[in-house]
Amino acid sequence: QVQLVESGGGLVQAGGSLTLSCAASGRTFSSYNMGWFRQAPGKEREFVAGISRSGGSTYYADSVKGRFTISRDNAKNTVYLQMNSLKPEDTAVYYCNPVLSVVRDSPIGSWGQGTQVTVSS
């Protein structure tokens with residue numbers, strides 16, 4: 001079972017940028033597709049982005065397409081989410097998780113504690 005630790009969140013003004021990191025334990029990280037998710041208060045969880053095992057394929061929700069970039073470093077067991085042009089509606093707790101499919105909301109692992117992103121207007 002992969003254990004996940006998200007970091008990099010914070011408070012940023014609208015239009016700003018943040019880079020989130022998700023460090024995974026275990027030697028099987030490279031065998032998993034990975035995804036980033038977010039959940040805002042009172043809202044359902046949203047699948048934001050996915051990346052394939054090798055990093056060669058990616059997926060983005062329409063709400064973040066063109067602003068967010070998912071990447072991974074299998075040597076460091078880490079997946080990243082570069083977030084640019086942030087909007088107040090991006091405010092949420094962000095989580096990573098292994099996913100069954102790069103393009104579907106299909107988490108298959110245990111959830112970490114997440115990292116809070118707050119975007120002020």
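Up top you'll find the structure we're talking about.
Just so it is clear, the model here is predicted, and its values are computed rather than measured. (Residues numbered from 1 in each chain as written. Predicted model: local features only at pLDDT ≥ 70, side-chain atom pairs only at ≥ 80, totals over all residues. Heavy atoms only, no water.)

1. Section: the sheet that holds strand 3 (residues 18–24)
Using the following cut-off: A pair of strands counts as paired when DSSP detects no fewer than two bridges linking them. Runs of H or I in DSSP of at least four residues are treated as helices and runs of E of at least two as strands, each being numbered from the N terminus. To obtain an axis, a line is fitted to C-alpha atoms, over the contacting stretch when the element is a helix, and the angle between two such axes runs from 0 to 180 degrees between their N-to-C directions.
Strand order in the open sheet made by the four strands is 1-3-8-7, with antiparallel pairing throughout. Taken across any chain shown, the strands that pair with only one partner, and hence form the sheet edges, are strand 1 (4–7) and strand 7 (68–73). For this sheet, the mean angle separating the axes of adjacent strands, direction not counted, is 15°. Direction of pairing for strand 3 relative to strand 8 (residues 78–83): antiparallel, over a ladder of six bridges.

2. Topic: the nonpolar core
Just so we agree on the cut-off: What is meant by a nonpolar core is a set of buried Ala, Val, Leu, Ile, Met, Phe, Trp, Tyr and Cys residues, joined one to another through side-chain atoms within 4.5 Å. Burial classes follow relative accessibility: with a 1.4 Å probe on protein chains only, a residue under 20% of its type's maximum area counts as buried, one over 50% as exposed, and anything between as partly exposed.
W36, F68, I70, V79, L81, M83 and Y94 are the most contacted members of the largest nonpolar core, which totals 28 residues. Mapped onto this core, the elements with two or more residues apiece are strand 3, strand 4 (33–39), strand 5 (46–51), strand 7, strand 8, strand 9 (92–99) and strand 10 (115–120).

3. Remarks on the packing of aromatic side chains
Worth spelling out the cut-off: Only rings of Phe, Tyr and Trp enter the pairing, Trp through its six-membered ring, and a pair is recorded when the two centres are within 6.5 Å. The plane angle decides the type: under 30 degrees is stacked, over 60 is edge-to-face, the rest tilted.
Counted by the stated rule, this structure contains four aromatic pairs. Note on F37 and W111: the rings are 5.1 Å apart at their centroids and 85° apart in plane angle, and the pair reads as edge-to-face. With F37 in strand 4 and W111 in the loop between strand 9 and strand 10, this pair connects stretches of sequence that are 74 residues apart. On the basis of relative accessibility, which here comes to 0%, the residue F37 falls in the buried class.

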